[in-house]
Amino acid sequence: MEFSLKNEQQQLLSKMATNDGHGENSPYFDGWKAYDSDPYHPTRNPNGVIQMGLAENQLCFDLIEEWVLNNPEASICTAEGANKFMEVAIYQDYHGLPEFRNAVARFMEKVRGDRVKFDPNRIVMSGGATGAHETLAFCLADPEDAFLVPTPYYPGFDRDLRWRTGMQLLPIVCRSSNDFKVTKESMEAAYQKAQEANIRVKGFLLNNPSNPLGTVLDRETLIDIVTFINDKNIHLICDEIYSATVFSQPEFISISEIIEHDVQCNRDLIHLVYSLSKDLGFPGFRVGILYSYNDAVVSCARKMSSFGLVSTQTQHLIASMLSDEAFMDKIISTSSERLAARHGLFTRGLAQVGIGTLKSSAGLYFWMDLRRLLRESTFEAEMELWRIIIHEVKLNVSPGLSFHCSEPGWFRVCFANMDDESVRVALRRIHKFVLVQGKATEPTTPKSRCGSSKLQLSLSFRRLDERVMGSHMMSPHSPMASPLVRAT
Ligand SMILES: Cc1ncc(COP(=O)(O)O)c(C=O)c1O
């Protein structure tokens, strides 16, 4: 019955409407569903799930609100700004308001330490970075063509680049043994594998700073990547939407800097994706930017941009805000101070109970190492542990599997989408999880890197394990050989 209904539905709708390419069934989105059905609130639902699966930057809204109050003319919905209402509301140039493109280009330069220049005429608007990625995929690849992408990578790339275009993403496998760095060998191996499978590689998708790792790429690696794509004559999309979230050394180096100062390459192959969703914390405004060094791509993307323009009301407000350079300097520096403080608080708190994290200097999250808590080194065991963390510890962290990580046991933890009190509650829960259910040995220092945690969990955890998973979900090795019992 269910089968025939599904079949009927499939005939009624398009293949696109009935395929699974959006990826909403991945564990990444499952965690959000768990949060949505039982969201934490300090008074109304103190035992609810804390959302630590959302890379949102909420740490500077006090400053933003102050700016909005001090600059009422920036909005067309205030007494001071209403005289611009009609001008903003009627059709405007699809290329974007000139003041908006100028201000965005200037902001992008500022975030890159004024070491590079951006031409406002190469800026194309899109609905967030999401829209920019899809537009680029449509411009650069045909169905079945592939882009190489280092793992672990942001799960949304599958939706953004693959779903509606029909192109593929092929992993460049990176490992914890060298802190998940991309190497010449790994790039070459992925390329060869594609060739053997007769898949046409059209490009390389890079995300720097990385989501989920929180790391930035060093100059040598960036030079290697540009040399690689140039030699193979394939495109490079560089997603730099976390460029202003860098909160400690090493500093961020943009791909633009590399091609301007470090290595000769065919610039027609280089394309940047940017948005204000992370650096300023405005994902709701859907301000996405595609910046291409290739004239034909700029021209084609501009035609496509009419499917995902940023509203002129938003452009108007953003142009004013970004043009206030003193304010932007303040936001960038305050945001990085606050991110550093939050990151330190969290990672030190975890180190106290022996949980290690990958050393990182950017992003709104860190990459937590729970490999020693796994029953065995498999993704099934990772999912078991993740279910416990979601349903018992009540934290929505995201499992490495959803980021295509090649090794089980890593989890992404977001730390900038909540207030200080929620942070304290989350840390208390994690401490309890480890200390009450187990016994921590050899606390690590805040400098600890991946693999340095030593956890030893007691038998009492097994009862929790059983309760959560239920007998039908227990592995054949359970209960006496529970992973959490064996881990040392
Ligand atoms: C690496 C990366 N690219 C793109 C996006 C999508 O950004 P936007 O909200 O601007 O569409 C995200 C969102 O989390 C991301 O992490």
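Further up the page is the structure itself.
The sections below set out a description of the structure shown in this document. (Residues numbered from 1 in each chain as written. Predicted model: local features only at pLDDT ≥ 70, side-chain atom pairs only at ≥ 80, totals over all residues.)

A separate point is unusual backbone geometry. Omega for the peptide link from N211 to P212 comes to 25°, which places this bond in the cis form. As for its placement among the helices and strands, P212 is situated in the loop between β5 (201-207) and α10 (219-232). With an omega of 0°, the peptide bond between Q249 and P250 qualifies as cis. Relative to the assigned elements, P250 resides in the loop between β6 (235-239) and α11 (255-262). Not every positive phi belongs to a glycine, and D114 is a case in point at roughly 55°. Following the sequence through the fold, D114 ends up in the loop between α6 (98-111) and β2 (123-127). (Helix = DSSP H or I, 4+ residues; strand = E, 2+ residues; numbered from the N terminus.)

Let's shift gears to the pairing of strand β3 (residues 146-150). Taken across its 5 residues, β3 has 5 buried, putting it largely inside the fold. Across the two faces of β3 the burial is the same, with A146, L148 and P150 and F147 and V149 all buried. Relative to β5, β3 runs parallel, the two sharing 3 bridges. Note on β5: the bridge partner recorded for L148 is F204. (Buried ≥ 20, exposed ≤ 12 C-beta atoms within 10 Å, placed from the backbone. Pairing = 2+ DSSP bridges.)

Spatial strand order, β2-β8-β7-β6-β5-β3-β4: 7 strands in an open sheet with mixed pairing. In this open sheet, the two strands that pair with only one neighbour each are β2 and β4 (168-172). Taken over all neighbouring pairs, the strand axes of this sheet differ in orientation by 25° on average, direction set aside. Note: strand β7 (residues 270-275) against strand β8 (residues 287-292), 5 bridges, orientation antiparallel. Paired with L272 across the two strands is Y291, which belongs to β8. Contacts from helix α8 (residues 156-163) reach β3, β4 and β5, with the element oriented near 140° to β4. (Axes fitted to C-alpha atoms, helices over the stretch in contact; angles between N-to-C directions. Contact = placed C-beta atoms within 7 Å.)

So, about helix α13 (residues 312-323). Helix length check: α13, at 12 residues, gives a terminal C-alpha distance of 16 Å against a target of 16 Å (1.5 Å per residue), a fit within 8%. Those residues of α13 not exposed but buried are T312, Q315, H316, L317, I318, A319, M321 and L322. The secondary structure elements touched by the buried residues of α13 are α4 (61-70), α5 (85-89), α6, β8 and α14 (325-352). (Expected span 1.5 Å × (residues − 1).)

With that out of the way, let us pick up the packing of α6 against α13. The geometry of α6 relative to α13 is characterised by a closest axis approach of 8 Å and an angle of 40° between their N-to-C directions. For the element pair α6 / α13, the angle class is oblique. Like other packed secondary-structure pairs, α6 and α13 cross with a definite hand, here left-handed. Along its contact with α6, which presents E99, F100, A103, V104, R106 and F107, the element α13 presents Q315, I318, A319, L322 and S323. Its residues assigned to classes, the contact of α6 with α13 comprises 7 nonpolar, 2 polar and 2 charged. (Parallel < 35°, antiparallel > 145°, perpendicular 65-115°, else oblique. Left-handed = near helix turned anticlockwise from the far one by under 90°. Nonpolar A, V, L, I, M, F, W, Y, C, P; charged D, E, K, R; others polar.)

This paragraph deals with the site of the ligand. Contacts to the ligand come from 14 residues, most closely from G128, A129, T130, S275 and S277. Broken down by element, the residue count for the shell around the ligand peaks at 3 residues, all from helix α7 (residues 128-140). Taken together, the residues of the shell around the ligand sort by class into 5 nonpolar, 8 polar and 1 charged. (Near = placed C-beta within 6 Å.)

In this section: the pairing of β6. Most of β6 sits inside the fold, with 5 of its 5 residues counted as buried. Of the two faces of β6, the one lined by H235, I237 and D239 and the one lined by L236 and C238 are each fully buried. Pairing analysis gives 5 bridges linking β5 to β6, with the strands arranged parallel. Looking at β6, one finds that N207 is bridged to D239. With α10 bridging β5 and the parallel β6, this β-α-β connection has right-handed handedness. Both β6 and β7 contribute to a ladder of 4 bridges, which runs parallel. (Right-handed = clockwise from strand over helix to strand, strands pointing away.)

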